[in-house]
Amino acid sequence: MNEQDQYWLRQAMELAARAEAEDEVPVGALVVYQGKCIGQGWNRMIGDHDASAHAEIMALRQAGQALSNYRLLDCTLYVTLEPCMMCAGAIVHSRIQRLVYGAADYKTGAIDSTLQLLATPGLNHQVFWQQSEQLAEPCAQQLSAFFKRRRAEKKAERKKSLNSMK
């Protein structure tokens, strides 16, 4: 992974922080074309009441609008977490050239961890992908810190609720 990839993945981490500020799972994504960001997104499923409002989908939608084309040829998608099945499908259909992601997702990752959807024979488009060696851990820590905080908040709520019943 080169310095430019690291730069853009760090930008995606900033978008993930934006998701966290909205109490969404902190995942950020952006699409780069000819050295310029043309689409960005962060998780908004809870706020938008939309199961498809993943960071990747939001970034792909914005990039498609920027290019006036759903085919995002010669574009790179940067995302802080390994994409799920839905997002992997959208990546293939959008014709993204490259995917660079941060943290592996050992529960629902569809690129390399759980499933390898981009390696499925017969796909109409080949996506080159790589996991960031340098930023995998910081991306994973961003997610871990969020879930740790959420668990502590839920525990405190339960404790408060139990105390108010006494």
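Just above sits the structure.
Let me begin by describing the structure that accompanies this report. (Residues numbered from 1 in each chain as written. Predicted model: local features only at pLDDT ≥ 70, side-chain atom pairs only at ≥ 80, totals over all residues. Heavy atoms only, no water.)

## Digging into helix H5 (residues 136-165)
Piece 1. Between its first and last C-alpha atoms H5 spans 44 Å; for 30 residues at 1.5 Å apiece the expected length is 44 Å, and the two agree.
Piece 2. Among all positions of H5, only Ala136, Cys139, Gln142, Leu143 and Phe146 are buried.
Piece 3. The secondary structure elements touched by the buried residues of H5 are helix H1 (3-21), strand E3 (75-81), strand E4 (98-103) and strand E5 (128-131). (Helix = DSSP H or I, 4+ residues; strand = E, 2+ residues; numbered from the N terminus. Expected span 1.5 Å × (residues − 1). Buried < 20%, exposed > 50% of the residue type's maximum accessible area, 1.4 Å probe, protein only. Contact = heavy atoms within 4.5 Å.)

## Observations concerning unusual backbone geometry
Piece 1. Even without a glycine there, the phi angle at Gln34 is positive, about 50 degrees.
Piece 2. Mapped onto the elements of the fold, Gln34 is located in the loop between strand E1 (28-33) and strand E2 (36-42).

## Points about the state of the cysteines
Piece 1. What the rule picks out here adds up to zero disulfides.
Piece 2. Free cysteine: Cys84, not disulfide-bonded; nearest cysteine sulfur from Cys87 at 3.8 Å.
Piece 3. Taking relative accessible area as the criterion, Cys84 reaches 15% and is therefore assigned buried.
Piece 4. Summary of cysteine pairing: Cys139 is not part of a disulfide, and the nearest cysteine sulfur, belonging to Cys87, is at 15 Å. (Disulfide = S-S within 2.5 Å.)

## So, the nonpolar core
Side chains of a nonpolar character, in soluble globular proteins, are inclined to be buried together.
Piece 1. Ranked by size, the top nonpolar core spans 27 residues in total, and within it Val31, Leu77, Ile91, Ile96, Leu99 and Val127 carry the most contacts.
Piece 2. In this view, Leu77 contacts Ala29, Leu30, Val31, Glu56, Ala59, Ile91, Ile96, Arg98, Leu99 and Val100; residues no more than four positions away in its chain are not counted.
Piece 3. Judged by nonpolar contacts, the second largest core, of 11 residues, contains Leu9, Ala19, Tyr78 and Leu135. (Core = buried A, V, L, I, M, F, W, Y, C linked by side-chain atoms within 4.5 Å.)

## Notes on the pattern of salt bridges
When the charged atoms of two side chains lie near each other, side chains of opposite charge can form a pair.
Piece 1. All told, the structure shown has five salt bridges when counted by the stated rule.
Piece 2. Residue Glu153 is joined to Arg149 by a salt bridge in which the shortest nitrogen-to-oxygen separation is 2.6 Å. Of this pair, Glu153 and Arg149 both sit in helix H5, four residues apart, which is roughly one turn of the helix.
Piece 3. On the basis of relative accessibility, which here comes to 35%, the residue Glu153 falls in the partly exposed class. (Salt bridge = Lys/Arg side-chain N within 4 Å of Asp/Glu carboxyl O.)

## Some remarks on the packing of helix H3 (residues 55-67) against helix H4 (residues 85-94)
Piece 1. Contact geometry of H3 with H4 gives a least axis separation of 9 Å together with a crossing angle of 20 degrees. Looking at the two axes, H3 sits roughly parallel to H4. For the crossing formed where H3 meets H4, the hand is left-handed. Seen from H3, the contacting residues are Glu56, Ile57 and Leu60; seen from H4, they are Met86, Cys87, Ala90, Ile91 and Ser94.
Piece 2. Of the residues in the contact of H3 with H4, the class split is six nonpolar, one polar and one charged. (Axes fitted to C-alpha atoms, helices over the stretch in contact; angles between N-to-C directions. Parallel < 35°, antiparallel > 145°, perpendicular 65-115°, else oblique. Left-handed = near helix turned anticlockwise from the far one by under 90°. Nonpolar A, V, L, I, M, F, W, Y, C, P; charged D, E, K, R; others polar.)

On their own, these measurements won't tell you what the molecule is for.
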